[in-house]
Amino acid sequence: MAQINPSILSADFARLAEEAKAVDGADWLHVDVMDNHFVPNLTLGVPVVEALSKATDTPLDCHLMIEDADRWAPQYVEAGAGSVTFHVEAAAAPVRLAREIRAKGARASMALRPATPIEPYEDLLPELDMLLIMTVEPGFGGQAFLDIMLPKIRRTRELISKHGLELWLQVDGGVSATTIERCAEAGADVFVAGSAVYGAEDPAEAVRALRARAEAATAGAPWACGH
Ligand SMILES: O=C(CO)[C@H](O)[C@H](O)COP(=O)(O)O
Ligand SMILES: [Fe+2]
């Protein structure tokens, strides 16, 4: 089943608890953590994640766009995140970090910037619960979807199938009603959407519509009936 994770980067930061409730029915709430070093933007950190996890029943999918991921990622598990994604470009010891995240009780996920290939990380895939392929350069919401990432999504899905893994494949950046089908056909099964959800008049309805499109695009695909 396709999962839709609204990104609160496009929500009103002064009303985060209400904005979380506005997407009731979403699978996860995607929380973009930016440190103004790994990306040229600054958003929120551990205390806000902790407050948000108490304010909503929707599990938090924390996307850490921060340097020194090895040091900080475990703190997001302690703050209540159900899934923690670190960037491989920012982790000194990704295997150790993934194991630590899992040991602390969250799903471990690793992200790749658009210019980072998947192939060097094939052997790491069993250590992960999710792989995130960025479909924009990380740092900002509302950017145009990078079509050139579709072959990487396809190749990653092939690797997941080849190894018989349960790994979820997430895409993030520019996912909308006009791009979600291409992502789904290429093999993604978890979709982050910021502006396409929070920019809609009815965010909960936008989540349902995106999910229906993704499911229609992958009906019958062997990997699409998992979760
Ligand atoms: O990680 C991100 C940016 O770095 C965001 O999750 C992403 O951009 C979501 O926003 P939109 O759907 O509007 O592109
Ligand atoms: Fe994100």
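Residues numbered from 1 in each chain as written. Chains lettered and ligands numbered in written order. Predicted model: local features only at pLDDT ≥ 70, side-chain atom pairs only at ≥ 80, totals over all residues.

1. Observations concerning the UniProt feature "binding site: substrate" (unreviewed entry) in the protein chain
Moving on, step 1. When the UniProt feature table is mapped onto this chain, "binding site: substrate" (unreviewed entry) is found at S7, H63, G139, F140, G141, G142, D172, G173, G174, G194 and S195.
Moving on, step 2. Take G142: it is sitting in the loop between β6 (130-134) and α5 (150-162).
Moving on, step 3. In this fold, D172 is placed in strand β7 (residues 168-172).
Moving on, step 4. For D172, a count of 28 C-beta atoms within 10 Å puts it in the buried group.
Moving on, step 5. Here D172 is in contact with H63, L132, M134, T135 and V192, once residues within four sequence places are set aside. (UniProt positions renumbered as here; feature names shortened; annotations may be inferred. Helix = DSSP H or I, 4+ residues; strand = E, 2+ residues; numbered from the N terminus. Buried ≥ 20, exposed ≤ 12 C-beta atoms within 10 Å, placed from the backbone. Contact = placed C-beta atoms within 7 Å.)

2. Some details on the sheet that holds strand β3 (residues 60-65)
Moving on, step 1. If you walk across this open sheet you meet the eight strands as β1-β8-β7-β6-β5-β4-β3-β2, and the pairing is parallel. What marks the edges here is a single partner per strand, and that holds for β1 (3-6) and β2 (29-34). In this sheet, neighbouring strand axes are inclined to one another by 25° on average, regardless of whether the strands run parallel or antiparallel.
Moving on, step 2. In this sheet, strand β8 (residues 190-193) lies alongside β7 in parallel orientation, the contact comprising three bridges. Its bridge partner being in β8, D172 is matched across the sheet by V192.
Moving on, step 3. Contacts from helix α3 (residues 69-78) reach β3 and β4 (83-87), with the element oriented near 165° to β4.
Moving on, step 4. Seen against the sheet, α5 touches β6 and β7 and runs at an angle of roughly 170° to β7. (Pairing = 2+ DSSP bridges. Axes fitted to C-alpha atoms, helices over the stretch in contact; angles between N-to-C directions.)

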